[in-house]
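Working through the structure, step by step
What follows is each chain in one-letter form.
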Amino acid sequence: MQELHSFLSVASGFKAVFLDSYGVLKNYQGLITGVENTVTTLREQGVAIRILTNDASRSQEQQVAGFNKLGLQGLQTHEVITSGMMAKHFLQHKITGGKIGYMGTENSARYILQAGLEHVSIREIDMDKLHEISAFVFLDDEGFDWNTDINKTINLLRSTKIPVIVANSDKLYPVSKNDVAVATGGIAKLVENLLGRKFMHFGKPDTQMFTYAYNRLKRLMPVTKPDILMVGDNLHTDILGGNKFGVKTCLVLSGNTSEHSVEQQIMSTGIIPDYVCRSIIT
Ligand SMILES: [Mg+2]
């Protein structure tokens, strides 16, 4: 049997904890009961908190407002780091002309693509003027037609050699106790497989968010990698990402990974967390 640790006693040994959002702080029902107390306890102990989320559809301000609404008060915008921010930085610095095509909602496009370049939804792209499109971004799993627009994306990317960015690499996300839905990264994966191409992925397990959070934190407090604990419910994103970045990792069983399958999942993936806890509540 997998040994289960008490999260609060594990976390108190670190100067900072990086927390995944979905499955750790909240789930399909809202804020996970008791999360506010854990955040308060960590703050009282002087443990810095950063939320690292593979969410490309909302800004830091919108994230904080969302947590407020769910009942978790007092988060600061700089405490939330999203894969969307990383994709946005990349686009701002690397794509300097043309129009950016995207698949997703208008809200996510407004946030990520506000760098000054014109952006155009897959639905609106004129297939006879593909030379105008300088990059394509997989932003969100909503805001387009799953039949027409996924086929159009495949045809667009077959005929161009532009950079393709996946702003959220998550393949699935939970929508109820038993069910999942296809996320942006899942659609991107389908297109990658069909075209035999590899796109540029932002978000865990890639380490850009870890590097960003770590570098920013170092400006505020003396901290090294052994002082940081990455906490998440997903072996493939949170734990693999934390392991690759070189910080200690803690798998929680309040989301994607269940208690009865955890041991087998760790064995079969070879992704080994330093700690396993039931949740961050106790
Ligand atoms: Mg999660």
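Residues numbered from 1 in each chain as written. Predicted model: local features only at pLDDT ≥ 70, side-chain atom pairs only at ≥ 80, totals over all residues. Heavy atoms only, no water.

Quick word on the overall build of the chain
- Across its full length, the chain holds 10 helices and 15 strands.
- Computed over C-alpha atoms, the radius of gyration of the chain comes to 19 Å, within 12% of the 19 Å expected from 2.2 N^0.38 for 282 residues, which places it in the range of a compact globule.
- Across its three principal directions, the C-alpha atoms of the chain cover 60 × 40 × 35 Å.
- Out of the 282 residues in the chain, the part that is buried amounts to 52%.
- Sequence separation of 24 or more characterises 70% of the internal contacts of the chain that already satisfy a separation of 6 or more.
- As displayed, the chain has an accessible area near 12900 Å², and 49% of this comes from carbon and sulfur atoms.
- Within the chain, the 28 negative side-chain charges are centred at a point lying 6 Å from the centre of the 28 positive side-chain charges. (Helix = DSSP H or I, 4+ residues; strand = E, 2+ residues; numbered from the N terminus. Rg over C-alpha atoms; globule rule 2.2 N^0.38 Å. Buried < 20%, exposed > 50% of the residue type's maximum accessible area, 1.4 Å probe, protein only. Contact = heavy atoms within 4.5 Å. Areas by Shrake-Rupley, 256 points an atom, 1.4 Å probe, with all protein chains shown as cover. Lys, Arg positive; Asp, Glu negative; His and termini not counted. Charge placed at Lys NZ, Arg CZ, Asp CG, Glu CD.)

Description of the packing of helix 8 (residues 208–220) against helix 9 (residues 235–245)
- Contact pair helix 8 / helix 9: the axes reach a minimum separation of 9 Å and the direction vectors enclose 60°. The angle between helix 8 and helix 9 places the two elements in the oblique class. Taken as a pair, helix 8 and helix 9 cross one another with a handedness that is right-handed. Contacts from Phe210, Thr211 and Tyr214 in helix 8 reach Asp238, Gly241, Gly242 and Phe245 in helix 9.
- Here the contact of helix 8 with helix 9 is composed, by residue class, of three nonpolar, three polar and one charged. (Axes fitted to C-alpha atoms, helices over the stretch in contact; angles between N-to-C directions. Parallel < 35°, antiparallel > 145°, perpendicular 65-115°, else oblique. Left-handed = near helix turned anticlockwise from the far one by under 90°. Nonpolar A, V, L, I, M, F, W, Y, C, P; charged D, E, K, R; others polar.)

As for the coordination of the magnesium ion
- Bound to the magnesium ion are the protein donor atoms Asp20 (OD), Tyr22 (O) and Asp233 (OD), situated 2.1 to 2.2 Å from the metal.
- Mapping the donors of the magnesium ion onto the primary sequence gives the spacing D-x1-Y-x210-D.
- Assessed through its relative accessible area of 31%, Tyr22 is described here as partly exposed. (Donors = N, O, S within 2.8 Å, 3.2 Å for Na, K, Ca; no water.)

Quick word on a nonpolar patch on the surface
- A contiguous nonpolar patch, built from Trp146, Leu172, Val180 and Val182 and spanning about 370 Å² of accessible area, is present on the exposed surface.
- Secondary-structure assignment places Trp146 in the loop between strand 8 (133–138) and helix 6 (148–158). (Patch = residues over 30% accessible without salt bridge, like charges linked within 9 Å, V, L, I, M, F, W, Y side chains within 5 Å. Salt bridge = Lys/Arg side-chain N within 4 Å of Asp/Glu carboxyl O.)

Side note on the nonpolar core
- Membership of the largest hydrophobic core comes to 35 residues, with the highest contact counts inside it found for Leu91, Leu113 and Val137.
- With six residues, helix 8 is the single largest residue contributor to this core.
- If you count residues domain by domain, this core takes at least three from each of domain 1 (7–54 + 206–277) and domain 2 (98–201).
- Beyond its immediate sequence surroundings of up to four residues, Leu91 is in contact with Ile100, Ile112, Leu113, Val137 and Ile165.
- Judged by nonpolar contacts, the second largest core, of 27 residues, contains Phe7, Val17, Val39 and Ile49. (Core = buried A, V, L, I, M, F, W, Y, C linked by side-chain atoms within 4.5 Å. Domains from an automatic or database assignment.)

Let's talk about the pairing of strand 13 (residues 228–232)
- The buried fraction of strand 13 is high, at five of five residues.
- With four bridges connecting them, strand 1 (residues 16–19) and strand 13 associate as parallel partners. The residue of strand 13 that forms the bridge with Val17 is Leu229.
- A crossover connection joins strand 13 to the parallel strand 14 (residues 248–252) through helix 9; in handedness this β-α-β unit is right-handed. (Pairing = 2+ DSSP bridges. Right-handed = clockwise from strand over helix to strand, strands pointing away.)

Focus on the domain arrangement of the chain
- Split by domain assignment, the chain resolves into domain 1 (7–54 + 206–277) and domain 2 (98–201).
- When domain 1 packs against domain 2, close to 580 Å² is buried across both sides, 46% of that on carbon and sulfur atoms.
- Contact with domain 2 buries area across many residues of domain 1, yet Tyr22, Tyr28 and Asn54 alone supply 73% of it, more than any other trio.
- At the junction of domain 1 with domain 2, the criterion picks out zero salt bridges.
- Counting every contact that joins domain 1 to domain 2 gives four residue pairs in polar contact (both at pLDDT 80 or more).
- Partitioning the side of domain 1 that touches domain 2 into residue classes produces two nonpolar, three polar and one charged. (Buried area = accessible area lost by both parts, 1.4 Å probe. Polar contact = N/O pair within 3.5 Å; in protein donor to acceptor, adjacent residues only side chain to side chain.)

Some details on the pattern of salt bridges
- Under the counting rule described, the total for this entry stands at 11 salt bridges.
- Asp227 is the partner of Lys15 in a salt bridge, and the nearest nitrogen-oxygen pair spans 3.9 Å. Linking Lys15 in the loop between helix 1 (7–11) and strand 1 with Asp227 in the loop between helix 8 and strand 13, this pair joins segments that are 212 residues apart in sequence.
- In this structure Lys15 comes out as partly exposed when scored by relative accessible area, which is 35%.
- Its relative accessible area of 18% is what places Asp227 among the buried residues.
- The salt bridge partner of Lys204 is Asp238, with a shortest N-O separation of 2.8 Å. Taken as a pair, Lys204 in the loop between strand 12 (200–201) and helix 8 and Asp238 in helix 9 lie far apart in primary sequence, 34 residues in all. Neither Lys204 nor Asp238 differs from the other in exposure class; each is buried.
- Each member of the salt-bridge network shares a partner with another, and the members are Asp20, Lys204 and Asp238.

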